[in-house]
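# Breakdown of the fold
These are the residues of each chain, in order.
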Amino acid sequence: MADRFSAVRVFLVCPRAAIVRHPPLAQSPRPSFSYIKVCPSSLPPPSVVFFVLSSATRPFVPAAYIPTSLSHPFLLKTMGEAMTDYFPPTPPTDTDAKYSMPNSVVPNGAAPPPNEPTKTKGMPNKMSLTLSHLPSKKDIKVVYPRTPSSIDPNNPPWPAFRGYHTYSFAYATMGHRLPTILSKAIDDVVETLNQESEEERVTDLIECISRMDKLKEDLQSQARLRPIIDDGEADVALWNKEIAKYFQGKDFMNAPWLFAEAYKYRRLRECFSVSKYWQHYDVFFRQKCDTFSRSGDAVFELSTRFLEPFKHKEGLSDAEKLEAERLMFMELTQICLWGNSTDLSLLINMTEEQIKSLQSTGGEHLAATEKNILGNDMARLWETMKNLKTNTGGRIDFVLDNAGFELYCDCVYADFLIQSGLAKEVRFHGKRYPWFVSDVTKKDWNWLLNSMVYGHLFPKATDEEMESLRRLGLRWKQYEKEGKWIYEQHPFWCTGYTYWDLHSEAPDLFLHLSRSDLVIFKGDLNHRKLTYDCAAPPSTEFEIAIGPMASAAGAPRICSLRTIKSDVVVGLGSDGDVLAEKLDTEEAGWKISGKYAVVLLSEGRPGEKVRFA
């Protein structure tokens, strides 16, 4: 052994690569034990001491890496047989086979020989137990809905839909629809850019486009959700609190779909809100105007029928007048319901004779159109409205959905409520900035009324048709002046929170709505926010699905008028699960087609004192 190793070199691997070499050791037939004492305290902070053994046959052979400590020196045996206590043997070659150690030597203490598993002599490789008297394993099923204390934006009452769920509409939306929408929005801004002449406005808009490109890149690369920049909007604190509390480290695909989708539109708003000249730019405005201008037939179908205020025919009894109002209310409720559908043939292709037949026979036509309303509380809704009229009318609130023709239908409906005495005040709740492509903003509201009175959107319309639209618009503008119609826009409507959190995150808005006699939530997005947009069974009762919006003290009566265009479906009755399974089998995609709808009513707890924790 002594003539095998002629030297021991010690290398300290450290930031300054300090190297210490020990002189060759003395040759001796029977070498005695000796030690090298390495004190790293005088050297730069090392992390590893690197030993190299030198012999005649192999000048430098790496022997071991041994961690060191700055506070404690260590001792190494370096000669004779004691060397094997610290260094595993290098696999022998032909030239040093004569130096092979006997098999009885266990190198490096407990370290196993090469290619052998770690084990203790005499012990089996794996310990196994026979469990014959313990209880059997149980199937654990999560109980839904979750308890109120365990519900938060990342953990809805039932499982959330997320972008990576290939079975849901969330997958198509986050992976395809939203990037497409964003690309079209960029095209709109480029069109505006090409019409600008002032250099400062041009360069400012180019920066907006750059921010939109970055948003699209983040969306397609599934980037993590970052905080919203403080752009002066009233909702910044609400957004960043929700991100910090519930969505740290989440990205566009693994955050709940509803929040991730809303976050994308808030980031889109940020692209313009931090600019100098384009803070109020609406990338969807052209699209909204164009859609309404192509709805001329449906627009005039309604304006020519309702240009004059509603009044009863002479000679009708009170019961007959009430029945006429009921039938008109049921028909207009359906017009309001289906207003955002691309196919309005069920409601607007009616002749004068069909309207008269509807009012005189009890509504055979309604029976034909109601078959696609899977959860239908219209009869209960009418009873609610009838009681309001008995009390000289009440306050009705509309939480609006889409601009253009749907808003127009909402206004026709609200006009009838005022004329018939079913309501004396109507409040419309819109968004503070462009939201989910076509949601109503104050600009959309003003544009609709002014286009009806002063616009030239329908070049093929007759003078009679244009006059009917103008008179209808003038009456609606008069409602605004008299305070019968009021447009409002609260910051909460453009946050990532669902309406389960309205009571806690926007107590002023909850208190305001609690004073309404009926709050009508329009459209698919509002319904998703009411129900937490989660996988509740279709048979779930509407009042259960909307949580605190039904159960909190002072919660108003709520009606959801919703054309089904996404995965969440509730309120279909006790046989709802069976009906949904049948539709899944017979009509794939029925949840996103817009063919079906719901009209659902929650009685709430009106009149009770609103209390906040």
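My aim in this report is to walk through the structure given alongside it, one point at a time. (Residues numbered from 1 in each chain as written. Predicted model: local features only at pLDDT ≥ 70, side-chain atom pairs only at ≥ 80, totals over all residues. Heavy atoms only, no water.)

### A closer look at helix α20 (residues 576–586)
Test applied: Exposure classes here rest on a 1.4 Å probe applied to the protein chains alone. A residue is buried below 20% of its type maximum, exposed above 50%, and partly exposed in between. Put simply, DSSP H or I for four residues or longer makes a helix, DSSP E for two residues or longer makes a strand, and each gets a number counted from the N terminus. Note: the arc covers the axis-to-C-beta directions of the helix. The contact criterion used throughout is that any non-hydrogen atoms of two residues lie within 4.5 Å.
Every buried residue belonging to α20 is among Gly 576, Ala 580 and Leu 583, and all of these are buried. The buried residues of α20 all sit within an arc of 65 degrees when viewed along its axis, so they share a single face. The exposed residues of α20 that point more than 90 degrees off its buried face are Val 578, Glu 581, Thr 585 and Glu 586. Those residues of α20 that are buried lie in contact with β7 (373–376).

### Notes on the nonpolar core
Threshold: Residues belong to a common nonpolar core when they are buried Ala, Val, Leu, Ile, Met, Phe, Trp, Tyr or Cys residues joined through side-chain atoms within 4.5 Å. Where each domain begins and ends follows an automated or database-derived domain assignment.
Counting residues in each nonpolar core, the largest one holds 87 residues, and the members touching the most others are Met 212 and Phe 272. Two domains share this core, each providing at least three of its residues, namely domain 1 (169–274) and domain 2 (292–602). Core analysis: the second largest hydrophobic core is formed by 59 residues, Phe 306, Phe 329, Leu 417 and Leu 422 among them.

### Thoughts on the packing of aromatic side chains
Note the cut-off: Whether two aromatic rings pair depends on their centres lying within 6.5 Å, for rings of Phe, Tyr and Trp, where Trp uses its six-membered ring; planes under 30 degrees apart make the pair stacked, over 60 edge-to-face, and the rest tilted. Lysine NZ or arginine CZ positioned within 6 Å of the ring centre and within 35 degrees of the ring normal marks a charge as sitting over the ring.
All chains considered together, the criterion is met by 41 aromatic pairs. Across from the ring centre of Phe 285, 4.1 Å away, lies the NZ or CZ of Lys 443, which sits over that ring. The cationic tip of Arg 528 hangs over the ring face of Trp 257; the distance from NZ or CZ to the ring centre is 3.9 Å.

### Here's the deal with the side chain of Thr 173
We count it as follows: Under the rule applied, a polar contact is a pair of N or O atoms within 3.5 Å (in protein, one hydrogen donor and one hydrogen acceptor; residues adjacent in sequence only if both atoms are side-chain atoms).
Along the chain, the position of Thr 173 falls in helix α1 (residues 169–193). Residue Thr 173 is classed as buried on the basis of its relative accessible area, which comes to 0%. Side chain to side chain, Thr 173 and Arg 177 meet in a polar contact 3.0 Å long.

### Quick notes on the environment of Thr 392
Among the secondary structure elements, Thr 392 is positioned in the loop between α11 (378–390) and β8 (394–399). When the C-alpha positions of Thr 392 and Ala 423 are compared, they lie 7.9 Å apart, and in sequence the two are 31 residues distant.

### Looking at the sheet that holds strand β13 (residues 597–602)
Selection criterion: Two strands qualify as a pair provided that DSSP identifies no fewer than 2 bridges between them. Interaxial angles span 0 to 180 degrees and are taken between N-to-C directions of axes, which are lines fitted to C-alpha atoms, for helices over the stretch in contact.
Judged by pairing direction, the sheet is mixed, and its 7 strands sit side by side in the order β7-β13-β12-β11-β8-β9-β10 without closing on themselves. In this open sheet, the two strands that pair with only one neighbour each are β7 and β10 (485–488). Adjacent strand axes in the sheet meet at a mean angle of 15 degrees, parallel and antiparallel pairs treated alike. Bridge analysis of β7 against β13 gives 3 bridges, and the strand direction is parallel. Within the sheet, the bridge partner assigned to Asn 376 lies in β13 and is Val 599.

### As for unusual backbone geometry
We note that Gln 222 has phi near 55 degrees; this positive angle belongs to a residue other than glycine. The exposure class of Gln 222 is partly exposed, given its relative accessible area of 41%. Notably, Tyr 532 is not glycine yet its phi reads approximately 70 degrees, a positive angle. The exposure class assigned to Tyr 532 is buried, which follows from its relative accessible area of 4%.

### Side note on the pattern of salt bridges
Inclusion rule: Take a side-chain nitrogen of Lys or Arg and a carboxyl oxygen of Asp or Glu: if they are within 4 Å of each other, that pair is a salt bridge.
Across all of its chains, the model carries 37 salt bridges by this definition. The partner of Arg 380 in a salt bridge is Asp 377, with the nearest N and O atoms 3.4 Å apart. Overall, Arg 380 belongs to the partly exposed group, its relative accessible area being 35%. Lys 522 serves as the salt-bridge partner of Asp 410, at 2.5 Å between the closest nitrogen and oxygen. Here Lys 522 lies in strand β11 (residues 518–522) and Asp 410 lies in helix α12 (residues 405–420), a separation of 112 residues in the sequence. For the pair Asp 410 and Lys 522, one class covers both residues: buried. Each of Asp 377, Arg 380, Arg 557 and Glu 603 takes part in one network of salt bridges that share partners.

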